[in-house]
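Residue-level structure breakdown
If you want the building blocks of each chain, they are given just below.
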Amino acid sequence: MNALKHNRYRNAAAVVAGILFTSFVVLQVNSPTIANPPVTSEFHGPEEVTAILKRSCYDCHSNETNLRWYDKIAPFSYKVAADVEEARKRFNFSEWDSIPKGDQEGKLWYIVNMIDAGRMPLPEYTATHPSAKVSPAELGILKKYVTEISRKHYATGDTAHIVGKPRVSQAPTSLNGIRYFDDYKNWKVISSTGRADNGTMRIIYGNDIAVKALEQDKIRPWPDGAVIAKVVWNSQAPDAEGNVKPGNFNNVQIMVRDAKKFTETEGWGFARFNGLELKPYGKTASFATACMNCHQLAEETGFVFDIPTKRVGR
């Protein structure tokens, strides 16, 4: 009887082992591959800066991913492939010039801030790739490099990056007809926020119609004529006391409420003007659709991000 039970257990164990082995083989066969597309533009920085970034960031944030043998073994390969795909979407050192000039500095501050916070490179990545760790001395090199970039405008006495003053003789116009304007500087500030994911700080202004709608909690939907302007600066690394200060001007984002004109984007017209030249964002007018796809996440506040969730003054 004991021998019969033993044989049953052994047979069951063999079946389980067979299933696990088959599953393992299937995982290997279907394991995702990571392609390295051509490098279209390279990041150009001081040699010591580039060396740190290549060693610690390029495996995920470039088209020069160097997979080790253990990165190719499923199920770990699935995680690696997903991380690389997501990292390249955030920024790609092999396509650096595709990032608007005004955003490049913000990306660099994002890198510095995330490394300083211990969130990049990913802890699970450095656990198996210890050489990717950034030492305090190397972090200091990166901070110095990005800080020097941020100080360039200060050194020339240029304050346009602080107040958002355009360098163009005529106000630029977005592809959907929204023109840049300076009036927002006289509007009421309705919110401020920061984004650690791209290293920026924002101040959000509203015209009288927008402020009144917010005060009366009549934002579902917002009334026609409401205009919201978001001014974005690149954020510097925290100082010794932990204070984070704004760096150079990045862009101005404008939302115009007109339910009849902007029917395809929930009644909102979107525009973004990048850099000191206030270059309109978007290659075709369909860029607004991409903006709306993101703003769908803020449906509860009338498709507007980063505003008070309670009535002003309540």
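Residues numbered from 1 in each chain as written. Predicted model: local features only at pLDDT ≥ 70, side-chain atom pairs only at ≥ 80, totals over all residues. Heavy atoms only, no water.

Attention now moves to the packing of aromatic side chains. Throughout the structure, instances matching the rule amount to 13 aromatic pairs. Between F43 and F93, the ring centres sit 5.6 Å apart and the planes meet at 70°, which makes this aromatic pair edge-to-face. Pair noted here: F43 is in the loop between helix 1 (2-29) and helix 2 (47-56) and F93 is in the loop between helix 3 (76-90) and helix 4 (101-116), with a separation of 50 residues, a long-range link. The same class applies to F43 as to F93, namely buried. Here Y58 and F93 contribute two aromatic rings whose centre-to-centre distance is 5.0 Å and whose plane-to-plane angle is 15°, an arrangement assigned as stacked. A residue pair is termed long-range when its members are at least 10 positions apart, and Y58 in the loop between helix 2 and helix 3 and F93 in the loop between helix 3 and helix 4 qualify at 35 residues. Taking the relative accessible area as the measure of exposure, F93 reaches 1% and is therefore buried. (Phe/Tyr/Trp six-rings, centres within 6.5 Å; stacked < 30°, edge-to-face > 60°. Helix = DSSP H or I, 4+ residues; strand = E, 2+ residues; numbered from the N terminus. Buried < 20%, exposed > 50% of the residue type's maximum accessible area, 1.4 Å probe, protein only.)

Let us now look at the confidence of the model for the protein. Confidence in the prediction of the protein, expressed as mean pLDDT, is 80, and 75% of residues score 70 or more. Contacts of residues 153-166 to residues separated by more than four positions or lying in other chains number 36 contacts, the stretch itself having pLDDT below 50. (pLDDT = per-residue confidence, 0-100. Contact = heavy atoms within 4.5 Å.)

Turning next to the nonpolar core. Counting residues in hydrophobic clusters, the biggest one holds 24 residues, and the most contacted among them are F43, L53, F91, F93, L108 and I111. Of all the elements in the fold, those that place two or more residues in this core are helix 2, helix 4 and helix 6 (136-150). One finds I190, M255, F270 and I307 within the second-largest nonpolar core, a separate group that totals 18 residues. (Core = buried A, V, L, I, M, F, W, Y, C linked by side-chain atoms within 4.5 Å.)

Enumeration according to the criterion identifies 10 salt bridges in this entry. The salt bridge partner of R55 is E138, with a shortest N-O separation of 2.9 Å. With R55 in helix 2 and E138 in helix 6, the pair connects residues that are 83 residues apart, well separated along the chain. On the basis of relative accessible area, R55 is assigned to the partly exposed category, the value being 31%. Accessibility expressed as a relative area gives 18% for E138, which makes it buried. Here E86 makes a salt bridge to R90, at a shortest N to O gap of 3.5 Å. Of this pair, E86 and R90 both sit in helix 3, 4 residues apart, which is roughly one turn of the helix. (Salt bridge = Lys/Arg side-chain N within 4 Å of Asp/Glu carboxyl O.)

On to helix 2. Turn by turn, an α-helix covers 3.6 residues, leaving residues three or four places apart pointing in a common direction. Within the span of helix 2, buried status applies to V49, T50, I52, L53 and S56. Axial view of helix 2: buried residues confined to an arc of 160°, hence all on one face. Residues of helix 2 that are exposed and point over 90 degrees away from its buried face: E47 and E48. (Arc of directions from axis to C-beta.)

As a further point, take unusual backbone geometry. Between M120 and the following residue, P121, the backbone shows a cis peptide bond with an omega angle of -15°. Following R220, the chain continues to P221 via a peptide bond in cis, the omega torsion being 10°. Positive phi, close to 55°, is recorded for D217, a residue that is not glycine. Considering the arrangement of structural elements, one finds D217 in the loop between helix 9 (208-215) and strand 3 (227-235). The phi dihedral of F303 falls on the positive side, at around 70°, and the residue is not glycine. Of note, F303 is situated in the segment after helix 10 (287-295).

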